[in-house]
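Listed here are the chains, written in short residue letters.
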Amino acid sequence: KFRYRRKREKLVELIAVSRLPTKWGLFRAYCYQSKLDGTEHIAVTKGDIGDGEDVLVRVHSECLTGDILGSARCDCGEQLDLAMQLIEKAGRGVLVYLRGHEGRGIGLGQKLRAYNLQDQGSDTVEANVELGLAIDSREYGIGAQILRDIGVRTMRLMTNNPAKFVGLKGYGLAVVGRVPVISPITKENQKYLETKRTKMGHLYGSDLPGGLLKEFLNPTEDNATN
Ligand SMILES: Nc1nc2c(ncn2[C@@H]2O[C@H](COP(=O)(O)OP(=O)(O)OP(=O)(O)O)[C@@H](O)[C@H]2O)c(=O)[nH]1
Ligand SMILES: [Zn+2]
């Protein structure tokens, strides 16, 4: 009997692994190269991923201004710091740092243009639209494949963004919980965070949204298509 099971194409290749001592503690660094465009992504792991069950995971979108230059316009830098702290504290976990996600996919230059529009009154969603660009064009398939390659099977995801639950499922991965990554509200990031909450559905309650979470984990026919 002939059986043909089509394997999902592998989009990443492991290039190198090294020890990575950091200000948060000792990690291991994995460099993965995208076979689609050659982009080098990095994942850092703490401890033994073992059976891959119930791993604390952060999938972080590159934000040069926030992660590196201390921009107060967004919460990215704070979230990165918090995620690394939580993984260190747990003694086991993975942070995947996705390049090419800059500006929710529009790139660095366009993000700065979007900032100018935001200084003129637009919000973060309107600014992308006014530039003729997608509100959020990030894809998580590469991130999912990196996690799977590292040995993750089920994860507690550090995020406030419900779109990531959907984006990271599949590829043999399942999300079994959410860990909020909340940073302080300031004068500079207030409107940005509020827009993410009202227009992009980000969850900022420190409580676990039971009903909502269930919906994202097991979407029914109805809410999967909306
Ligand atoms: N276009 C645009 N991108 C932004 C802006 N502020 C931050 N970003 C980008 O947004 C991305 C981070 O997305 P967020 O929506 O903040 O967070 P998230 O990763 O989706 O969700 P969390 O897991 O909760 O952090 C990074 O790539 C940033 O460069 C902005 O005002 N406009
Ligand atoms: Zn940012």
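Residues numbered from 1 in each chain as written. Chains lettered and ligands numbered in written order. Predicted model: local features only at pLDDT ≥ 70, side-chain atom pairs only at ≥ 80, totals over all residues. Heavy atoms only, no water.

Peer 1: I would appreciate a short explanation of the packing of aromatic side chains in the present structure.
Peer 2: Remark: the centre distance and the inter-plane angle together describe each pair of aromatic rings, the angle taken between the planes. In total, this model carries 0 aromatic pairs according to the counting rule given. In this arrangement the basic side chain of Lys-46 is found over the ring face of Phe-27, its NZ or CZ atom lying 5.4 Å from the centre. The cationic tip of Arg-73 hangs over the ring face of Tyr-115; the distance from NZ or CZ to the ring centre is 4.2 Å. (Phe/Tyr/Trp six-rings, centres within 6.5 Å; stacked < 30°, edge-to-face > 60°. Lys NZ or Arg CZ within 6 Å of the ring centre and 35° of its normal.)

Peer 1: What's the story with the layout of surface pockets in this structure? I'm lost.
Peer 2: In this structure, the largest pocket encloses a volume near 610 Å³. The wall of the largest pocket is formed by 37 residues, among which Arg-73, Cys-74, Arg-104, Thr-124 and Tyr-192 lie closest to the centre. Residue composition of the lining of the largest pocket, grouped by class: 8 nonpolar, 14 polar and 15 charged. Considered as a void within the structure, the second largest pocket measures approximately 370 Å³ in volume. Looking at the second largest pocket, it is lined by 18 residues, and the ones nearest its centre are His-101, Arg-138, Glu-139, Tyr-140 and Ile-142. (1 Å grid on protein atoms, 1.4 Å probe; cavity = no way out; pocket = protein on both sides within 12 Å on 5 of 7 lines; lining within 4 Å. Points joined across faces, edges and corners; volume = space filled by probe spheres on them. Nonpolar A, V, L, I, M, F, W, Y, C, P; charged D, E, K, R; others polar.)

Peer 1: Explain the coordination of the zinc ion (ligand 2) here, please?
Peer 2: Around a metal, the ideal angle is 109.5 degrees if four donors adopt a tetrahedral arrangement and 90 or 180 degrees if six donors adopt an octahedral arrangement. Ligation of the zinc ion (ligand 2) by protein atoms is provided by Cys-63 (SG), Cys-74 (SG) and Cys-76 (SG), these donors lying 2.1 to 2.2 Å from the ion. Here the donor residues of the zinc ion (ligand 2) are spaced in sequence according to C-x10-C-x1-C. With respect to class, Cys-74 is no different from Cys-76; both count as buried. (Donors = N, O, S within 2.8 Å, 3.2 Å for Na, K, Ca; no water. Buried < 20%, exposed > 50% of the residue type's maximum accessible area, 1.4 Å probe, protein only.)

Peer 1: Even after reading the chapter, I still don't get the confidence of the model for the chain, so can you show me in this structure?
Peer 2: Residues shown with low pLDDT carry predicted positions that ought not to be read at fine detail. Scored by pLDDT, the chain comes out at a mean of 88, with 87% of its residues at no less than 70. Across the assembled chains, the prediction reports ipTM 0.97 with pTM 0.89. (pLDDT = per-residue confidence, 0-100.)

Peer 1: How should I be thinking about the site of ligand 1 in this particular structure?
Peer 2: Around ligand 1, 24 residues are found, and the nearest of them are Thr-159, Asn-160, Asn-161, Lys-164 and Lys-196. One of the side-chain N or O atoms of Thr-124 is found 2.9 Å from an oxygen atom in ligand 1. Backbone polar atom of Asn-160 to an oxygen atom of ligand 1: 2.7 Å apart, as the coordinates give it. Notes on ligand 1: free accessible area 650 Å², of which the protein chains cover 99%. Here ligand 1 is seated within the largest pocket. Within the residue set of the shell around ligand 1, elements represented by two or more residues are β4 (55-61), α3 (108-119), α4 (124-130) and α7 (190-200). (Near = heavy atom within 4 Å. Polar contact = N/O pair within 3.5 Å; in protein donor to acceptor, adjacent residues only side chain to side chain. Areas by Shrake-Rupley, 256 points an atom, 1.4 Å probe, with all protein chains shown as cover. Sits in = over half its atoms within 2 Å of the grid points. Helix = DSSP H or I, 4+ residues; strand = E, 2+ residues; numbered from the N terminus.)

Peer 1: Could you clarify how one ought to interpret helix α2 (residues 76-90) in this entry?
Peer 2: Each α-helix winds once per 3.6 residues, and so residues spaced three or four apart point in a common direction. With 15 residues, α2 ought to run about 21 Å at 1.5 Å a step, and its terminal C-alpha atoms sit 21 Å apart, in line with that. Listed in full, the buried residues belonging to α2 are Cys-76, Gln-79, Leu-80, Ala-83, Met-84 and Ile-87. With its buried residues spanning 130° around the axis, α2 presents them on a single face. Phi turns positive, to about 80°, at Gly-91, one or two residues after α2. (Expected span 1.5 Å × (residues − 1). Arc of directions from axis to C-beta.)

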